[in-house]
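Topology and contacts: notes
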Amino acid sequence: MPSSYAAAAAGSSFRKPNRTTTATAAGSSSRKPIPTSTARPPAPLPSPAPTARPPAPTPPAVNPSAVSDSDASSYSSSSGDEADLTASDSATSSVVSAYLSVAGEGADLSKVGIFLSSAARRRSPPCLICFDPIRPSDPVWSCSSSCYAILHLPCIQSWAHQSASGAAVPCPTWGCPKCRFAYPKSQTPTSYLCFCSKTADPAPDPWILPHSCGDVCGRRLNANLDSGCEHTCLLLCHPGPCPPCPAVVPNAPCFCGAHREPRRCAHQRYSCAGKCNKRLSCGLHRCPVNCHDGPCPPCAVQGKHKCECGETLEEKLCSERVFQCKRECVGMLDCGKHRCERGCHGGKCGECPLRGRRTCPCGKKDYPKLECDAEAATCGSTCEKVLGCGRHRCPERCHRGPCDETCRLVITKSCRCGGLKKEVPCYQELTCERKCQRLRNCGRHACKRRCCAGDCPPCSETCDRKLRCGNHKCLSPCHRGACSPCPLMKTIPCACGKTCFEVPCGTEKNQKPPKCSKKCNVPRLCRHKLECRPHKCHYGACPPCKLTCGEELSCGHLCKERCHGPISPPNPEFTLKPTRKKMEKHIECTPGTPCPPCKEVVLVQCFGQHLGQERAMPCSKWRPFPCQNLCGNPLLCGNHYCTKSCHVLEVPLNQPEGDPIASISKENALAEPCEHCDLPCQRVREPPCSHRCPLPCHLSDCPPCKVLVKKPCHCGAMVHAFECVFFNNLKAKEQVKVRSCGGPCHRKLPNCPHLCSEVCHPGTCPSVDQCMKKVNVRCACNTLKQEWVCQDVLKEYRNSGRDPKEVPKSQFGVGLLACGEDCKKKVKVQDSELHLRKTQEKKSPTVEAANVPKRRKRRDRGQEVEVSKFQEVKTYVLRVLLIIFLSIIIAAGLYLLWKGIFRLSDWMNEMEEQRARQRHPRGAML
């Protein structure tokens, strides 16, 4: 460490300035913006140590627009002298005095200067989480990554807890609300520390900066270990970033190492602007690029180079001189029997891969004395090589060539989500079509992937929720918990732009433009510009001149209106967010216009000579005018009146001679005819209907309505088409009768499986609960059977507590009868008969002959009687005649069926034609 830097670090202990200086500093912390032109010259900084030192130089003024938006201190005023540290209080000058003693003039304090200036004036920005102002006594936390934002300690603790534990999967990190820098969960702030993190719970002291301990900062100036800088910050505990290292390195080498010069430690890595001249990776050429950081680029020297086999010569870059051509190597291997199958390569082709130990294709049988040109025979056993699936082995016999890549063994597989199990071939992947309904890590959107294994990807949607500032939307990926605060800043300037300050986005709604003490630079253009009082800088138009115009009119009167001479273009209105335009107040005389004409009052009548419509007008505007009333003259249709505005009437044909209005109309050139009635007929038809009369406005009665009206029948089986006049002339009962189709209703009854048997009727079916159809009612074992009326069956179901609608149609009526003794006897009789048959089969043949039924006995007796020839012929003839008779009957039935089908088809065609005529009577008439 240089001796000067060490001495400055040793003698930079903090000392409180005197009371007088501090009082001045406290008075300078007003929130009123300071204009640039009125800034006083900077005062010299007091020395923090008793040793004699030169006065601290003034750092150059900083343009606030060049400061990054991530600077928390950009909330401070943006006037031209805001970054001047010497213009602030003595507490700020004491912070930077030790650094300036080492760095000298021209030190780069632009970044930290704005933070110090803001802190010295007690102008900390509001907390970006709660938007409340940060007071000097509030415990705070400062981001140490890049933005150095100052936030309330409880707010950032709540923010870190929500960020780390609010997601579906606990996150090990949490991000800064402004710069989004990721901090590990272990770095969640637990206590109130000063800016340099040396003192816990620093007490508020008016002699030092808020939230500062007043000791030397001591933080490492360059966190990069490869930079070679090991110096620490000499400023007193301060907000914002530490300044660049001011120590001097006497022999700092450039990037290429050819040049050395003394440089600041923060800028000790530099380029000498000469040629790099380092040896490139090719080992033949040197780097032609200027002195640069990092490795040298590949050699770009062009040349002709041979491939590895030496057969092809191509022009290549030096960095690409080693390449392979597309030719195949045709050299012989060491065995002298096989050729090399490799591509372009250097050196010898190598040994024959078929020499040495030879085995059968499956590797189970060895052939130790087999030549390389002889083909190894198969062993005949099972191959048993592991297939591509990695779980099964090849079931074929020892064979040459590769095994089948697709394992066709059928196994039971589960899909990725576990919702489907199926037997499929081993090579086939099993996936189902079910979409994953798990919520992604954002907690708002579902995964929606097909057959998801549970590892749902992060949500790819944009959050797009409105930030708390109310002006922008969150552009981060969809996430849980609250969105990060808006990182943008809003500048609130005055009209001339010389006084302004910045606030975080969202806090500008309650801000007002700064009050600028400068005079308005907009000159007046009216004739009273020397008499009007000057005013200060402002938004919008300049206040109008309140003096009287006083110019003489052409009629000899003086203009008594307020000054309406020309004015300069107004400044834009102060708006931070587009709002609805307010209604401007009505001004009699618009500025920038000539004097209005004379306003002497004169009574003038309208064109139509309406009584009581005389109007008082200025003398300069005396002329006939149309009044606000309508013309009111009857039109030719006789139903309406002229709706034109007041106009001069033409003399109608039936106007009597000598009429005063007629004489006026003939002499007036502005006479125009009344309008022609183009309205449609608006009369109500008789009988009333919803269709309008197609004729234009007329005096006679409207023609009957011939519009076709479609009305469905009551059961919905067909649609009727009626003429509107015919249907409306019918009474209500006749309309109901006409709308009936005449067929059965055929609507299904709601409580039983039967259809309505009534003729097409309106409303609900009358036999809903009074169905008289007969239903076969049985017991549970289907032994007993009775015929009941359907309504009795419904009552029985309701009495038993069952809903008839839930009974299937095939089971309707089953189980309503109770099984009696007959059911049990029948079961016993069947069992006894079965037992008797089994016992009879075990008896002897003689006993069985005694128990032969009567029919069998008669049949056996008939076989014993002899039949004559005549009876045999007679029987044969009767059988033949019976067969012929049956054939004739079948032929006649088929013929009659064929004729009936044709007649039925003709009848159906006639019915369709009749229905078509009823639906389209006009087409039938044509």
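Residues numbered from 1 in each chain as written. Predicted model: local features only at pLDDT ≥ 70, side-chain atom pairs only at ≥ 80, totals over all residues. Heavy atoms only, no water.

The protein chain is annotated in an unreviewed UniProt entry as RING-type domain-containing protein from Urochloa decumbens. Looking at the protein chain in UniProt, the text filed under Sequence similarities (unreviewed entry) is "Belongs to the NFX1 family." (UniProt positions renumbered as here; feature names shortened; annotations may be inferred.)

**Notes on the overall build of the protein chain**
In terms of regular secondary structure, the protein chain is built from 14 helices and 21 strands. Here the protein chain holds 926 residues, and 31% of them are scored as buried. Of the roughly 61,200 Å² of accessible surface on the protein chain, a fraction of 54% belongs to carbon and sulfur atoms. (Helix = DSSP H or I, 4+ residues; strand = E, 2+ residues; numbered from the N terminus. Buried < 20%, exposed > 50% of the residue type's maximum accessible area, 1.4 Å probe, protein only. Areas by Shrake-Rupley, 256 points an atom, 1.4 Å probe, with all protein chains shown as cover.)

**Let's talk about the pattern of salt bridges**
A full pass over the atoms with the stated rule returns 13 salt bridges. Measuring nitrogen to oxygen at the nearest pair gives 3.4 Å for the salt bridge that ties arginine 327 to glutamate 311. One end of the pair, arginine 327, is in the loop between strand E8 (313–317) and strand E9 (358–359); the other, glutamate 311, is in the loop between strand E7 (302–306) and E8, and 16 residues separate them in sequence. For arginine 327, a relative accessible area of 47% translates into the label partly exposed. (Salt bridge = Lys/Arg side-chain N within 4 Å of Asp/Glu carboxyl O.)

**What to know about the nonpolar core**
Of all hydrophobic cores here, the largest spans 45 residues; its most connected members are Cys127, Ile129, Trp141, Leu151, Ile156 and Trp174. Contributions of two or more residues to this core are made by strand E1 (140–142), strand E2 (150–152), helix H5 (153–165) and strand E5 (248–253). It is H5 that provides the largest number of residues to this core, a total of five residues. Once you skip the residues sitting within four places of it in the chain, leucine 151 turns out to touch Cys127, Leu128, Ile129, Ile134, Pro139, Val140, Trp141, Ile156 and Pro177. (Core = buried A, V, L, I, M, F, W, Y, C linked by side-chain atoms within 4.5 Å. Contact = heavy atoms within 4.5 Å.)

**As for unusual backbone geometry**
Peptide bonds are mostly trans, and most non-glycine residues show a negative phi. The omega torsion of the bond from glutamate 686 to proline 687 falls at -10°, within 30 degrees of zero and hence cis. With respect to the helices and strands, the residue proline 687 is situated in the loop between helix H6 (660–667) and strand E17 (708–712). Not every positive phi belongs to a glycine, and lysine 448 is a case in point at roughly 65°. Inspection of the secondary structure assignment puts lysine 448 in the loop between strand E12 (421–425) and strand E13 (489–493). A positive phi angle, near 60°, is found at aspartate 464, a position not held by glycine. Structurally, aspartate 464 can be placed in the loop between E12 and E13. A relative accessible area of 44% means that aspartate 464 is categorised as partly exposed.

**Thoughts on the environment of aspartate 455**
Considering the arrangement of structural elements, one finds aspartate 455 in the loop between E12 and E13. Assessed through its relative accessible area of 54%, aspartate 455 is described here as exposed. For the pair aspartate 455 and cysteine 417, spaced 38 residues apart in sequence, the C-alpha to C-alpha distance is 9.9 Å.

**What about a nonpolar patch on the surface?**
Taken together, Val873, Tyr876, Val877, Leu878, Val880, Leu881, Ile884 and Ile888 make up a surface patch of nonpolar side chains, about 760 Å² in accessible area. Inspection of the secondary structure assignment puts isoleucine 888 in helix H13 (residues 869–919). On the basis of relative accessibility, which here comes to 54%, the residue isoleucine 888 falls in the exposed class. (Patch = residues over 30% accessible without salt bridge, like charges linked within 9 Å, V, L, I, M, F, W, Y side chains within 5 Å.)

**Observations regarding the environment of lysine 773**
Topologically, lysine 773 is positioned in the loop between helix H8 (732–739) and strand E19 (774–779). On the accessibility criterion, lysine 773 (36% relative accessible area) is partly exposed. When the C-alpha atoms of lysine 773 and serine 757 are compared, they prove to be 9.6 Å apart, with 16 residues separating the residues in sequence. Apart from residues no more than four positions distant in its own chain, lysine 773 is found in contact with His754, Leu755, Trp788, Val789 and Cys790.

**Thoughts on the UniProt feature "transmembrane region" (unreviewed entry) in the protein chain**
Listed under "transmembrane region" (unreviewed entry) in the UniProt record, and renumbered for this structure, are residues 876–898. In this annotation, residues 876–898 is assigned 100% helix and 0% strand; the end-to-end C-alpha distance for the span is 34 Å.

**Details of the pairing of E13**
Bridge count between E13 and strand E14 (residues 500–504): five bridges; the pairing is antiparallel. Paired with isoleucine 492 across the bridge in E14 is phenylalanine 501. Counting the residues that bridge the hairpin from E13 to E14 gives six residues, and of these glycine 497 lies at a positive phi of roughly 85°. (Pairing = 2+ DSSP bridges.)

**A word on the sheet that holds strand E20 (residues 785–789)**
Judged by pairing direction, the sheet is mixed, and its three strands sit side by side in the order E20-E19-E21 without closing on themselves. Two strands lie at the open edges of the sheet, namely E20 and strand E21 (814–817), each paired on one side alone. Averaged over neighbouring strand pairs, the angle between their axes works out to 65° when direction is ignored. Taken together, the five bridges between E19 and E20 define a ladder with antiparallel strand orientation. Each residue of the ladder has a partner; that of valine 775, found in E20, is tryptophan 788. Contacts from helix H9 (residues 790–799) reach E19, E20 and E21 within the one sheet, and its direction differs from that of E20 by about 100°. (Axes fitted to C-alpha atoms, helices over the stretch in contact; angles between N-to-C directions.)

**Structural notes on the packing of aromatic side chains**
Evaluated as defined, the whole model comprises nine aromatic pairs. Between tryptophan 174 and tyrosine 183, the ring centres sit 5.0 Å apart and the planes meet at 20°, which makes this aromatic pair stacked. We classify tyrosine 183 as buried; its relative accessible area is 4%. Through a chain of ring-to-ring contacts, the aromatic side chains of Trp141, Trp174, Phe181 and Tyr183 assemble into a single cluster. Positioned above the aromatic ring of tyrosine 270, the side-chain terminus of arginine 263 is 4.3 Å from the ring centre. In this structure, lysine 316 is placed above the aromatic ring of phenylalanine 323, and the distance from its NZ or CZ to the ring centre is 5.2 Å. (Phe/Tyr/Trp six-rings, centres within 6.5 Å; stacked < 30°, edge-to-face > 60°. Lys NZ or Arg CZ within 6 Å of the ring centre and 35° of its normal.)

**As for the side chain of histidine 392**
Within the secondary structure, histidine 392 is located in the loop between strand E10 (366–367) and strand E11 (410–414). Note on histidine 392: relative accessible area 18%, which makes it buried. Apart from the residues lying within four places of it in its own chain, the contact partners of histidine 392 are Lys385, Val386, Leu387, Cys407, Leu409, Ile411 and Cys426.

**Topic: a negative patch on the surface**
A surface patch of like charges, here negative, comprises Asp906, Glu910, Glu912 and Glu913. Judged by its relative accessible area of 45%, glutamate 913 is partly exposed. (Lys, Arg positive; Asp, Glu negative; His and termini not counted. Charge placed at Lys NZ, Arg CZ, Asp CG, Glu CD.)

**Re the confidence of the model for the protein chain**
Within the protein chain, residue pLDDT values average 75, and 76% of them lie at 70 or more. No element of the protein chain has a lower mean pLDDT than helix H2 (residues 19–27), which averages 31, and none a higher one than E1, which averages 91. This model gives residues 1–88 a pLDDT under 50, and the stretch forms 164 contacts once residues within four places in sequence are excluded. Throughout residues 656–666 the model reports pLDDT below 50, and contacts reaching past four residues in sequence, or to other chains, amount to seven contacts. (pLDDT = per-residue confidence, 0-100.)

**Quick notes on the side chain of histidine 538**
By the element assignment, histidine 538 lies in the loop between E14 and strand E15 (601–604). Note on histidine 538: relative accessible area 15%, which makes it buried. Within polar-contact distance, the side chain of histidine 538 engages the side chain of histidine 535 at 3.2 Å. Leave out the neighbours within four places in its chain, and histidine 538 touches Ala495, Cys520, Pro543 and Asn571. (Polar contact = N/O pair within 3.5 Å; in protein donor to acceptor, adjacent residues only side chain to side chain.)

**Notes on the environment of leucine 128**
Following the sequence through the fold, leucine 128 ends up in the loop between helix H4 (110–120) and E1. In this structure leucine 128 comes out as buried when scored by relative accessible area, which is 8%. Taking the C-alpha atoms as reference, leucine 128 lies 5.9 Å from proline 485; in sequence the two are 357 residues apart. Setting aside its immediate chain neighbours within four residues, leucine 128 contacts Leu151, Lys178, Pro485 and Pro504.

**Some thoughts on the state of the cysteines**
Per the stated rule, a full pass over the model turns up zero disulfides. With no disulfide partner, cysteine 245 has as its closest neighbouring cysteine sulfur the one in cysteine 229, 3.6 Å distant. Sulfur of cysteine 478: no disulfide; nearest cysteine sulfur belongs to cysteine 442 and is 3.5 Å away. (Disulfide = S-S within 2.5 Å.)

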